[in-house]
Amino acid sequence: MLILASTSRTRHDLLRNAAIPFEARAPRVDEGAVRDALLAEGHGPRDVADALAEMKALRVRGAGLVMGCDQVLDHDGRCISKPATPEKAEEQLRALSGGVHRLHTAAVIAENGRPVWRHVETVTMTMRSASPAFIRDYVARNWDIIRHSTGSYTLEGEGARLFRRVDGDHFSVLGLPLLPLIDFLIERGEVAA
């Protein structure tokens, strides 16, 4: 059985809906400290997502396959994180409004303490120009959901109204490159095809 090193409800739902058996465990990783250290060392947002996913996979112990995931929003080479406050969410959305950013979604599977599979998917997100009033109201209506979301939005909800175009894999926008993962699990004989 796959061990998912994540407490993300969305990732749990994606695996459950795809009928992939898994057990979820919280990874003990200070994501903010690791992200800041990697950025200080000159790593780009894509590499940060990959490194955090790997660290999560290696931190959770268990027999079999352990998968860590991470998602980093890349806005002009800067990493945008989950918002700490509604005010921060509004600030993030105002900065992203009317522009283009990229989501780097990484998944790494470890076995016996060594990475055996990794995948990083990059999706290009083009946002509409949103008025400050809409952004304020959107954050107020959706704070309980978006406070757990990189960039202060969820594409699967009202946040879809913020976008003009999404170029890339929908599952990766949600935080898990599901189809490449399924391919790997089928090749390994972990799930049936």
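Bear in mind that the values here come from a model prediction, so they are computed numbers and not experimental data. For every chain, the first residue of the written sequence is number 1, and numbering continues from 1 onward in sequence order. Residues qualify for local features only when their pLDDT is at least 70, as the model is predicted, and side-chain atom pairs are given and counted only at 80 or more; totals for whole chains, interfaces and linings, by contrast, use all residues. Side-chain calculation: all heavy atoms of the structure are included, whereas hydrogens and water are not.

### A look at the overall build of the protein
Then comes step 1: By the criteria applied, helices consist of DSSP H or I runs no shorter than four residues and strands consist of E runs no shorter than two, each listed in order from the N terminus. When its secondary structure is counted, the protein shows seven helices and seven strands.
Then comes step 2: Counting from the amino terminus, helix and strand elements in the protein follow one another as β-α-β-α-α-β-β-α-β-β-α-β-α-α.
Then comes step 3: Over its C-alpha atoms the protein spans a radius of gyration of 17 Å, differing by no more than 12% from the 16 Å that the globule rule assigns to 193 residues.
Then comes step 4: Viewed in the frame of its principal axes, the protein has a C-alpha envelope of about 50 × 40 × 25 Å.
Then comes step 5: Considering only contacts in the protein between residues 6 or more positions apart, those separated by 24 or more positions represent 67%.
Then comes step 6: Just so you have it, the protein exposes about 9600 Å², and 46% of that area is on carbon and sulfur atoms.
Then comes step 7: Just so you know, the count uses Lys and Arg for positive and Asp and Glu for negative, and it drops His and the chain ends. Note that the charge is assigned to NZ on lysines, CZ on arginines, CG on aspartates and CD on glutamates. Distance from the positive charge centre (25 side chains) to the negative charge centre (26 side chains) of the protein: 2 Å. Just to be clear, the radius of gyration here is over C-alpha atoms, and the globule rule we use is 2.2 Å times residues to the power 0.38. Contacts are assigned to residue pairs that have any heavy atoms within 4.5 Å of one another. Using a 1.4 Å probe, the Shrake-Rupley method yields the accessible areas, and only the shown protein chains count as cover for residues.

### Thoughts on the UniProt feature "active site" (unreviewed entry) in the protein
Then comes step 1: UniProt positions are given in the numbering used here, feature names are shortened, and annotations may be inferred rather than shown by experiment. UniProt's feature table lists "active site" (unreviewed entry) at Asp70, given in the numbering used throughout.
Then comes step 2: Mapped onto the elements of the fold, aspartate 70 is located in strand β3 (residues 65–75).
Then comes step 3: Two N or O atoms form a polar contact when they lie within 3.5 Å of each other; inside protein one atom must be a possible hydrogen donor and the other a possible acceptor, and for residues adjacent in sequence the pair counts only when both atoms belong to side chains. At 2.9 Å, the side chain of aspartate 70 and the side chain of lysine 56 are in polar contact.

### Details of the nonpolar core
Proteins that are soluble and globular tend to have nonpolar side chains buried together.
Then comes step 1: In plain words, nonpolar cores are sets of buried Ala, Val, Leu, Ile, Met, Phe, Trp, Tyr and Cys residues tied together by side-chain atoms within 4.5 Å. Think of it in three bands: residues with accessible area under 20% of the maximum for their type are buried, residues over 50% are exposed, and the middle band is partly exposed, with areas taken using a 1.4 Å probe on protein chains only. Ranked by internal contacts, the top residues of the largest apolar core, which has 20 residues, are Leu93, Met125, Tyr138, Val139, Tyr153, Leu162 and Phe163.
Then comes step 2: Breaking this core down by element, the ones donating at least two residues are α4 (86–96), β6 (114–127) and α5 (132–146).
Then comes step 3: Among the elements that make up this core, the one with the highest residue count is α5 (six residues).
Then comes step 4: The residues contacting phenylalanine 163, other than those within four sequence positions of it, are His101, Met125, Thr126, Met127, Arg128, Tyr153 and Leu155.

### Focus on helix α3 (residues 45–59)
Residues spaced three or four apart along an α-helix face the same direction, because each turn holds 3.6 residues.
Then comes step 1: The first and last C-alpha atoms of α3 sit 21 Å apart over 15 residues, in line with the 21 Å expected at 1.5 Å per residue.
Then comes step 2: All of the buried residues along α3 are Pro45, Val48, Ala49, Asp50, Leu52, Ala53, Lys56 and Ala57.
Then comes step 3: Residues of α3 that are buried sit in contact with β1 (2–5), α2 (31–40), β3, β4 (78–80), β5 (100–111) and β6. Here a helix's expected span is defined as the number of its residues, less one, multiplied by 1.5 Å.

### Details of the pattern of salt bridges
Then comes step 1: Salt bridge, as applied in this entry: a Lys or Arg side-chain nitrogen positioned within 4 Å of an Asp or Glu carboxyl oxygen. If you walk through the whole model with that rule in mind, you get 14 salt bridges.
Then comes step 2: Linking arginine 118 and glutamate 54 is a salt bridge whose minimum nitrogen-to-oxygen distance equals 2.5 Å. Highlighted residues: arginine 118 in strand β6 and glutamate 54 in helix α3, separated in sequence by 64 residues.
Then comes step 3: Counted as one network, the salt bridges with shared partners bring together Glu31, Lys56 and Asp70.

### Here's the deal with the layout of surface pockets
Then comes step 1: Quantified by volume, the largest pocket comes out at close to 890 Å³.
Then comes step 2: We place a 1 Å grid over just the protein atoms. Points where a 1.4 Å probe fits but has no way out form a cavity, open points with protein on both sides within 12 Å along at least 5 of 7 lines form a pocket, and any residue with an atom within 4 Å of a point lines it. Contributing to the lining of the largest pocket are 36 residues, with Ser8, Thr10, Lys82, His148 and Ser149 lying nearest its centre.
Then comes step 3: Secondary-structure elements contributing two or more residues to the lining of the largest pocket are α1 (9–17), α2, β3 and α5.
Then comes step 4: Of all the elements, α5 adds the most residues to the lining of the largest pocket, at five residues.
Then comes step 5: All residues other than Ala, Val, Leu, Ile, Met, Phe, Trp, Tyr, Cys, Pro, Asp, Glu, Lys and Arg, Gly among them, are scored as polar; the first ten of these are nonpolar and the last four charged. For the lining of the largest pocket, a count of residues per class yields 11 nonpolar, 14 polar and 11 charged. Grid points are joined across faces, edges and corners, and a volume is the space filled by probe spheres set on the points.

### As for the packing of aromatic side chains
Then comes step 1: Note on aromatic contacts: the rings of Phe and Tyr and the six-membered ring of Trp form a pair at centre separations within 6.5 Å, being stacked when their planes are under 30 degrees apart, edge-to-face when over 60 apart, and tilted otherwise. Per the counting criterion, the structure on display carries three aromatic pairs.
Then comes step 2: Both rings, one in tryptophan 117 and one in phenylalanine 184, keep their centres 5.4 Å apart while their planes meet at 25°; by these two values the pair is stacked. Of this pair, tryptophan 117 sits in strand β6 while phenylalanine 184 is found in helix α7 (residues 178–187), placing the two residues 67 residues apart along the sequence. The same class applies to tryptophan 117 and to phenylalanine 184, which are both buried.

### Things to note about the environment of arginine 59
Then comes step 1: Mapped onto the secondary structure, arginine 59 falls in helix α3.
Then comes step 2: Separated by 33 residues in the primary sequence, arginine 59 and alanine 26 have C-alpha atoms spaced 9.4 Å apart.
Then comes step 3: Setting aside residues up to four positions removed in sequence, arginine 59 forms contacts with Arg28 and Val29.
Then comes step 4: Side-chain polar atoms of arginine 59 contact the backbone oxygen of arginine 28, separated by 3.1 Å.

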